[in-house]
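Close look at the chain arrangement
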Amino acid sequence: MSTIQSPHDRGKLRDLAVAVAAEAGELAAKGQEGITVLDTKSSPTDVVTEMDQATEELIRDRLLAARPDDAVLGEEGGGIEGTSGVRWVVDPIDGTVNYLYGSPDWGVAIAAEIDGEVVAAAVGVPARGQMFEAVLGEGARLDGRSLRAPDAVSLDQALVSTGFGYSADRRVHQARVLTEVIGHVRDIRRVGAASIDLTGLAVGRSNAYYERGLNLWDWAAPGLVATEAGVRLGGPDGGPPTGDLVIAARPGLYERLDALLAPLGADTDG
Ligand code: IPD
């Protein structure tokens, strides 16, 4: 049972997430120019740079200095157990390939979970000078301004973003799914960072998003920003988001996209 329950404490978790994401974003932004690949992970195109590692180290240090009893799960450094009931879920640089190629579309994502539920989040987009934040039940903000995602549009008017996994087999099936989806929607975007896709729903940069193969750190923080802005976030068979599939859109559009994706096996590798 957690010792932290009140909205006030959630606000403090959010404040810490924002402060640490801002500092981490500054560090990562300084290191973007001239960055090279340090290593690869799940496939030769799934890269990690020395800034992914340095940024995650800074985030872990700052979070644990402020709250030594918390757990941390990070993309690069794995998990550290805690005793407080709070776990931080961290993607130091979401959109690493964009980062490597000098694109501004990468994010620093930090979420706080209490007993497995995401309650506070910060998503910095340093190259655009933006900071998204959210507290469960208290709304989402961008640079202090409250966010409300635009109303649902019909499926054929929807701008839908998606992404592709790093394994060639998975990507081939994802492309097959996309050939079916593209004929039913306004158009498709492949931004290259789940954090930018999901926060983009909150500001109306697209209407819907789906992707197979995300990790919790890809969607935990931006997912809370999206849901607190009125977006429905889910996964396969009407359940919560999972690694098999994340779907996000305003209610009304969500159900139509879900119905389109289900028979296509969007939650499988084909
Ligand atoms: C990736 C990005 C990308 C998505 C991949 C993710 P990373 O995160 O969010 O848009 O398509 O599935 O793994 O590896 O750059 O942190």
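Calculation notes
Residues numbered from 1 in each chain as written. Predicted model: local features only at pLDDT ≥ 70, side-chain atom pairs only at ≥ 80, totals over all residues. Heavy atoms only, no water. Near = heavy atom within 4 Å. Polar contact = N/O pair within 3.5 Å; in protein donor to acceptor, adjacent residues only side chain to side chain. Areas by Shrake-Rupley, 256 points an atom, 1.4 Å probe, with all protein chains shown as cover. Helix = DSSP H or I, 4+ residues; strand = E, 2+ residues; numbered from the N terminus. Nonpolar A, V, L, I, M, F, W, Y, C, P; charged D, E, K, R; others polar. Axes fitted to C-alpha atoms, helices over the stretch in contact; angles between N-to-C directions. Parallel < 35°, antiparallel > 145°, perpendicular 65-115°, else oblique. Contact = heavy atoms within 4.5 Å. Expected span 1.5 Å × (residues − 1). Buried < 20%, exposed > 50% of the residue type's maximum accessible area, 1.4 Å probe, protein only. Arc of directions from axis to C-beta. Core = buried A, V, L, I, M, F, W, Y, C linked by side-chain atoms within 4.5 Å. Domains from an automatic or database assignment. Buried area = accessible area lost by both parts, 1.4 Å probe. Salt bridge = Lys/Arg side-chain N within 4 Å of Asp/Glu carboxyl O. Pairing = 2+ DSSP bridges.

1. A look at the site of the ligand
By nearness alone, 16 residues border the ligand, and Asp94, Gly95, Thr96, Ala194 and Glu211 come closest of all. Separating an oxygen atom of the ligand from a backbone N or O atom of Thr96 is a distance of 2.8 Å. Out of a free accessible area of 370 Å², the ligand has 96% covered by protein chains. No other element matches strand 5 (residues 86–94), which puts three residues into the shell around the ligand. Classifying every residue of the shell around the ligand gives six nonpolar, four polar and six charged.

2. Remarks on the packing of helix 5 (residues 194–202) against helix 6 (residues 216–228)
In a packed pair of helices, the relevant descriptors are the angle between the two axes and the axis-to-axis distance. Remark: helix 5 packs on helix 6, axes separated minimally by 8 Å, with the N-to-C direction vectors making an angle of 5°. In terms of orientation, helix 5 lies roughly parallel with respect to helix 6. Counting all contacts with helix 5, which are made through Ala194, Ser195, Leu198, Thr199 and Ala202, the residues of helix 6 involved are Asp218, Trp219, Pro222, Gly223, Val225 and Ala226. Taken together, the residues of the contact of helix 5 with helix 6 break down into seven nonpolar, three polar and one charged.

3. Some remarks on helix 4 (residues 168–181)
Here helix 4 is 14 residues long and its end C-alpha atoms lie 20 Å apart, about the 20 Å a rise of 1.5 Å per residue gives. Listed as buried for helix 4 are His173, Gln174, Val177, Leu178 and Val181. Here the buried residues of helix 4 occupy an arc of 150° about the axis, which is enough to place them on one side. Helix 4 presents Ala168, Asp169, Arg176 and Thr179 as exposed residues on the side facing more than 90 degrees away from its buried surface. Of the surrounding secondary structure, the elements contacted by the buried residues of helix 4 are strand 11 (159–162), strand 12 (187–189), strand 13 (208–211) and helix 7 (253–261).

4. A few points about the side chain of His173
The topology assignment puts His173 in helix 4. Excluding anything up to four places from it in sequence, His173 contacts Leu264, Gly265, Thr268, Asp269 and Gly270.

5. A few points about the nonpolar core
If you look at the biggest cluster of nonpolar residues, it comprises 28 residues, and the most contacted ones within it are Leu13, Ile59, Leu63, Trp88, Val90, Tyr99 and Ile110. Elements supplying a minimum of two residues to this core: helix 1 (7–30), helix 2 (50–66), strand 5, strand 6 (107–114) and strand 7 (117–125). Among the elements that line this core, the one with the most residues is helix 1, at eight residues. Non-local contacts of Val90, meaning those with residues more than four positions away in its chain, are made with Glu56, Ile59, Leu63, Val72, Leu73, Gly74, Glu75, Ala109, Ile110 and Trp217. By size, the runner-up hydrophobic cluster in this structure holds 22 residues, among which are Ala121, Trp217, Leu224 and Ala229.

6. Section: the domain arrangement of the chain
As far as domains go, the chain holds domain 1 (10–146) and domain 2 (155–264). Once you take the C-alpha centre of each, domain 1 and domain 2 turn out to be 21 Å apart. Taken together, the contact pairs 40 residues of domain 1 with 20 residues of domain 2. With both chains or domains summed, domain 1 and domain 2 bury close to 2100 Å², and 69% of this area falls on carbon and sulfur atoms. Sorting the residues of domain 1 by area buried against domain 2 places Asp94, Val123 and Phe132 first, and these three jointly supply 22% of that buried surface. Counting across the domain 1 and domain 2 interface gives zero salt bridges.

7. Considering the sheet that holds strand 13
Across the sheet, five strands lie side by side as 12-11-13-15-14; this open sheet has mixed pairing. Pairing within the sheet leaves two strands with one partner each, and these edge strands are strand 12 and strand 14 (232–234). Averaged over all pairs of adjacent strands, the angle between their axes in this sheet comes to 15°, without regard to strand direction. Looking at chain direction, strand 11 and strand 13 are connected through three bridges and run parallel. The partner of Val160 across the bridge, within strand 13, is Ala208. Sheet strands in contact with helix 7 are strand 13, strand 14 and strand 15 (246–249), and its direction is about 145° off that of strand 15.

8. Digging into the sheet that holds strand 10 (residues 145–146)
Strand order across the open sheet formed by eight strands is 4-3-5-6-7-8-9-10, with mixed pairing between neighbours. What marks the edges here is a single partner per strand, and that holds for strand 4 (78–80) and strand 10. In the packing of helix 2 onto the sheet, contacts are made with strand 3 (71–74), strand 4, strand 5 and strand 6, and the angle to strand 5 comes to roughly 155°.

9. Some details on the pattern of salt bridges
Under the definition given, this model contains 16 salt bridges. With a shortest N-O distance of 3.4 Å, Glu76 and Lys41 are connected by a salt bridge. One end of the pair, Glu76, is in the loop between strand 3 and strand 4; the other, Lys41, is in the loop between strand 1 (37–40) and strand 2 (47–49), with 35 residues separating them in the sequence. Overlapping salt bridges, with partners in common, bring together Arg14, Asp15, Glu133 and Arg141 in one network.

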